[in-house]
Amino acid sequence: GIQVEQSPPDLILQEGANSTLRCNFSDSVNNLQWFHQNPWGQLINLFYIPSGTKQNGRLSATTVATERYSLLYISSSQTTDSGVYFCAVISGTYKYIFGTGTRLKVLA
Amino acid sequence: DAGVIQSPRHEVTEMGQEVTLRCKPISGHNSLFWYRQTMMRGLELLIYFNNNVPIDDSGMPEDRFSAKMPNASFSTLKIQPSEPRDSAVYFCASINQGTQYFGPGTRLLVL
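The model shown is predicted, which means the values in this text are computed figures rather than measured ones.

In total, this model carries two disulfides over all chains according to the counting rule given. The disulfide that involves Cys23 of chain A links it to Cys87 of chain A, with 1.9 Å between the sulfurs. Between Cys23 of chain A and Cys87 of chain A the disulfide shows an S-S torsion of about 65°. By sign, it is right-handed. With Cys23 of chain A in strand β3 (residues 19-25) and Cys87 of chain A in strand β9 (residues 83-90), this residue pair connects regions lying 64 residues apart in the sequence. For the pair Cys23 of chain A and Cys87 of chain A, one class covers both residues: buried. Bridging Cys23 of chain B to Cys92 of chain B, the disulfide has an S-S length of 1.8 Å. Note on the Cys23 of chain B and Cys92 of chain B pair: the S-S dihedral is about -60°, so by sign convention the disulfide is left-handed. Of this pair, Cys23 of chain B sits in strand β3 (residues 19-24) while Cys92 of chain B sits in strand β9 (residues 88-96), and the two are 69 residues apart along the sequence.

Here is the structure:
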């Protein structure tokens, strides 16, 4: 089955710093989503981005489907950005495959 | 829109007891997923419903687990009998146009 790898596994930032999270997938995909799991466990949908670039405030994402990767950019990080960031892909009709996540800690 | 609603938010029970988790998807979403999250195994898909019909239950661990979706606005996940290894966070998610929306989860602890 399709493999989803995220890097880095862990990241510590000082507040105000920028970061790039990466998601590589081993096969062509129909859909891709980025999620943020906050310290309280809530999974929040950030982007639905099977291809192209989207921006939402300090966050933006780019998926290059032909090269099988997606990037999540966080600019001017805040302590509230802490948590785990997952990418999830669909190859087929419905089954999302989740990466193992990037654990981000933003220090005040 | 209230989002996906799950209840209870926390459940502590003893081994052997029946546990029922509940989910109300976002109105108008016709697909629903149940996931389980643990530190060891990450997020695992348990079962997928489309238009209230179970399409894929291959992720359900064993016969102790069952799920139903009697109508478009309600689903249950039942564990009977529960075991300590079932302790996890159980999420329900509904989908609209390829975008998943997760509920807050039910944190289950089986003693």
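Looking now at the pattern of salt bridges. Residues and elements named next belong to chain B. On inspection of all chains with the given rule, the structure shows nine salt bridges over all chains. Here Arg85 makes a salt bridge to Glu62, at a shortest N to O gap of 3.2 Å. One end of the pair, Arg85, is in the loop between β8 (74-79) and β9; the other, Glu62, is in the loop between β6 (53-56) and β7 (65-71), with 23 residues separating them in the sequence. Classification of Glu62 as partly exposed rests on a relative accessible area of 28%. Between Asp86 and Arg64 there is a salt bridge, with the nearest N and O atoms lying 2.6 Å from each other. Taken together, the residues span a long stretch of sequence, with Asp86 in the loop between β8 and β9 and Arg64 in the loop between β6 and β7 at a distance of 22 residues. Here the two residues Asp86 and Arg64 agree in accessibility, since each one is buried. Each of Glu62, Arg64, Glu83, Arg85 and Asp86 takes part in one network of salt bridges that share partners.

As a further point, take the sheet that holds β3 of chain A. All names here are of chain A. Overall, antiparallel pairing links the five strands, which are arranged β1-β3-β8-β7-β6 in an open sheet. Single-partner strands in this sheet number two, and they are β1 (4-7) and β6 (52-56). Geometrically, the sheet is characterised by an average inter-axis angle of 15° between neighbouring strands, direction not taken into account. Both strand β7 (residues 59-64) and strand β8 (residues 69-74) contribute to a ladder of six bridges, which runs antiparallel. Counterpart to Ser60 in the pairing with β8 is Tyr73.

The next thing to look at is the side chain of Arg36 of chain B. With respect to the helices and strands, Arg36 of chain B occurs in strand β4 (residues 31-38). When neighbours within four sequence positions are excluded, Arg36 of chain B is seen to be in contact with Gly42, Leu43, Glu44, Leu46, Pro61, Phe65, Arg85, Asp86, Ala88, Val89 and Tyr90 of chain B.

Turning next to the interface of chain A and chain B. In this assembly, 14 residues from chain A lie in contact with 19 residues from chain B. Summed over both partners, the interface of chain A with chain B buries about 1,400 Å², with 57% contributed by carbon and sulfur atoms. Area buried by chain A at its contact with chain B is led by Leu43, Tyr94 and Phe98 of chain A, which between them contribute 40% of it. Counting every contact that joins chain A to chain B gives zero salt bridges. On inspection of chain A and its partner chain B, the count reaches four residue pairs in polar contact (both at pLDDT 80 or more). Counting only elements with at least two residues in the side of chain A that touches chain B, the list comes to β4 (31-37), β5 (43-48) and β10 (96-98) of chain A.

So, how was this worked out
- Residues numbered from 1 in each chain as written.
- Chains lettered and ligands numbered in written order.
- Predicted model: local features only at pLDDT ≥ 70, side-chain atom pairs only at ≥ 80, totals over all residues.
- Heavy atoms only, no water.
- Disulfide = S-S within 2.5 Å.
- Helix = DSSP H or I, 4+ residues; strand = E, 2+ residues; numbered from the N terminus.
- Buried < 20%, exposed > 50% of the residue type's maximum accessible area, 1.4 Å probe, protein only.
- Salt bridge = Lys/Arg side-chain N within 4 Å of Asp/Glu carboxyl O.
- Pairing = 2+ DSSP bridges.
- Axes fitted to C-alpha atoms, helices over the stretch in contact; angles between N-to-C directions.
- Contact = heavy atoms within 4.5 Å.
- Buried area = accessible area lost by both parts, 1.4 Å probe.
- Polar contact = N/O pair within 3.5 Å; in protein donor to acceptor, adjacent residues only side chain to side chain.

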